[in-house]
Amino acid sequence: MIKTLWEKKSMVLSLAKADFKKRFAGSYFGVVWMFIQPVVTVLIFFFIFQLGMKSQPPVPNTPYVIWLIPGLVPWFFFNESLQAQTNVMQEYNYLVKKVVFPVELLPLIKVISAAMVHACFVAIMLLVYLIGGFMPRISWLMILYYSFATLCLSLSVGMITSAVNVFFRDMTNLVGIVLQFGMWLAPIMYWEGMFTAERPWMGILFKLNPFYYIVAGYRDSMLTGNFPWERPMNTLYFWAVTAVLMYVGIKLFKKLKPHFSDVL
């Protein structure tokens, strides 16, 4: 797969750029819609958790919104890319039916397209922090590492869901439901200490979700200045889970690939 990607890298980037532009084609406001939903989401959680529930983030002297944004930015990336990958075979069925086209690269095209959007959100996050009076840290560079980790996790799951969705169309709805639960189990909108103080076992439950590592990593990088090697067990667990999912995804994809064109 890596060899194929290297040989077809120009084609993959071209298709990813075309996919990015296609989503806003014919829209009056164009790329503006890319930012409307995330901004509305941030405002909703701000009113519910900070103004309504008076939530206090674990980092002293940090406004709730400043603490919330590093958790939401990678989630938008993961959520968008996984849902897009799940439906990619149906969307590009004309390419799947071409024998010469390496269809195993289609999920990656969706991930790269979503990564372009993610890069814009990361830039906005950094701008918000600078406006908020936060001085740049060396640890901010770790956002590149955690973005790559998000890409790998998304691709590993997307290889599975995209292949299965060809034969089991309900996979799209199932992925949507799992993502809703996953968002609350990360956790993103609230501090896990609200639950683990009296129920320590819930801390283990949170950390079983591999996306917990990414959310914690973004906040470590932006707020506390910590680095990935300061969470060695979490890092090993995350990459072990991602590697297993990637292996399963590639094996499953190769097994089902010969039947894609017949079903589509």
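All residue numbers here refer to positions counted from 1 along the written sequence of the relevant chain. Two thresholds apply to this predicted model, a pLDDT of at least 70 for residue-level local features and 80 or more for giving and counting side-chain atom pairs, whereas whole-chain, interface and lining totals are computed over all residues. Only heavy atoms go into the side-chain values, all of them from the structure, while hydrogens and water stay out.

(A) Region of the structure containing the overall build of the protein chain. Numbering of helices and strands starts at the N terminus; helices are DSSP runs of H or I of at least 4 residues and strands are runs of E of at least 2. Of regular secondary structure, the protein chain possesses 14 helices and zero strands. Counting helices and strands in the order they occur from the N terminus, the protein chain gives α-α-α-α-α-α-α-α-α-α-α-α-α-α. For the protein chain, long-range pairs separated by at least 24 residues make up 78% of all intrachain contacts whose partners lie at least 6 apart in sequence. Accessible surface area values rest on a Shrake-Rupley calculation with a 1.4 Å probe, where residue burial reflects the displayed protein chains alone. Only carbon and sulfur atoms are counted for the fraction: they give 71% of the accessible area of the protein chain, which is about 13,900 Å². Pairs of residues are marked as contacts when any of their non-hydrogen atoms sit within 4.5 Å.

(B) Region of interest: the packing of helix 7 (residues 106-131) against helix 8 (residues 142-165). Axis separation between helix 7 and helix 8 bottoms out at 10 Å; the angle between their running directions is 150 degrees. In terms of orientation, helix 7 lies roughly antiparallel with respect to helix 8. Between helix 7 and helix 8 lies a crossing whose hand is right-handed. Residue-level inspection shows Pro107, Leu108, Val111, His118, Val122 and Met125 of helix 7 in contact with helix 8, the latter providing Ile143, Ser147, Leu151, Ser154, Leu155, Met159 and Ser162. Throughout this entry, Asp, Glu, Lys and Arg are counted as charged residues, while Ala, Val, Leu, Ile, Met, Phe, Trp, Tyr, Cys and Pro are counted as nonpolar. The remaining residues, Gly among them, count as polar. Of the residues contributing to the contact of helix 7 with helix 8, the split by class is nine nonpolar, four polar and no charged. Between N-to-C directions, angles span 0 to 180 degrees; the directions come from axes that are lines fitted to C-alpha atoms, helices contributing only their stretch in contact. Note on terminology: angles under 35 degrees are roughly parallel, angles over 145 are roughly antiparallel, angles of 65 to 115 are roughly perpendicular, and the others are oblique. Left-handed describes a crossing whose near helix is turned anticlockwise from the far helix by less than a right angle; the clockwise case is right-handed.

(C) Spatial organisation of the confidence of the model for the protein chain. pLDDT is a per-residue confidence score from the predictor, ranging from 0 to 100. For the protein chain, per-residue confidence averages 83 on the pLDDT scale, and residues scoring 70 or more make up 90% of the total. When the elements of the protein chain are averaged for pLDDT, helix 3 (residues 33-52) gives the smallest value, 70, and helix 8 the largest, 94.

(D) Spatial organisation of helix 2 (residues 9-22). Helices are assigned an expected span. That span is 1.5 Å times one less than the residue count. Between its terminal C-alpha atoms helix 2 stretches 20 Å, which fits the 20 Å expected from 14 residues at 1.5 Å a residue. Looking at helix 2, one finds that the buried residues are Val12, Ala16, Asp19 and Phe20. For helix 2, the arc enclosing every buried residue in end-on projection is 100 degrees, short of the 170-degree limit, so these residues lie on one face. For helix 2, exposure combined with an orientation more than 90 degrees from the buried face picks out Ser10 and Lys21. Between buried and exposed lies partly exposed: a residue is buried under 20% and exposed over 50% of the maximum accessible area for its type, with that area taken using a 1.4 Å probe on protein chains only. Within this analysis, the arc is defined by the directions that extend from the helix axis to the C-beta atoms.

(E) Summary view of the packing of aromatic side chains. Two rings belonging to Phe, Tyr or Trp (six-membered ring only in the last case) form a pair when the distance between their centres is within 6.5 Å. Interplanar angles under 30 degrees mark stacking, angles over 60 mark edge-to-face geometry, and anything in between is tilted. In the structure shown here, the tally under the stated rule is 17 aromatic pairs. Centre to centre, the rings of Tyr129 and Trp140 are 6.2 Å apart; their planes meet at 85 degrees, and the pair counts as edge-to-face. Of this pair, Tyr129 sits in helix 7 while Trp140 is found in the loop between helix 7 and helix 8, placing the two residues eleven residues apart along the sequence. For the pair shown, Tyr129 and Trp140 are each scored as buried. Seen from their ring centres, Tyr145 and Tyr146 are 4.9 Å apart, and the 70 degrees between their planes marks the pair as edge-to-face. Judged by relative accessible area, which is 23%, Tyr145 ranks as partly exposed. Looking at Tyr146, the relative accessible area reads 0%, which means it is buried. Taken together, Tyr145, Tyr146, Phe148, Tyr213, Tyr218, Phe238 and Trp239 form an aromatic cluster joined through their ring pairs.

(F) Representation of the pattern of salt bridges within the structure. Note on definitions: salt bridges are taken to be side-chain nitrogens of Lys or Arg within 4 Å of carboxyl oxygens of Asp or Glu. According to the stated counting rule, one finds three salt bridges in the structure shown. Put simply, Glu91 and Lys110 hold a salt bridge, and the shortest N to O gap is 2.8 Å. Taken together, the residues Glu91 in helix 5 (residues 88-91) and Lys110 in helix 7 connect sequence positions 19 residues apart. Residue Glu91 is classed as partly exposed on the basis of its relative accessible area, which comes to 31%. The salt bridge partner of Glu104 is Lys257, with a shortest N-O separation of 3.0 Å.

(G) Focus on the environment of Trp67. Along the polypeptide, Trp67 turns up in helix 4 (residues 64-86). Given the relative accessible area of 4%, Trp67 is considered buried. For the pair Trp67 and Trp191, spaced 124 residues apart in sequence, the C-alpha separation works out to 9.8 Å.

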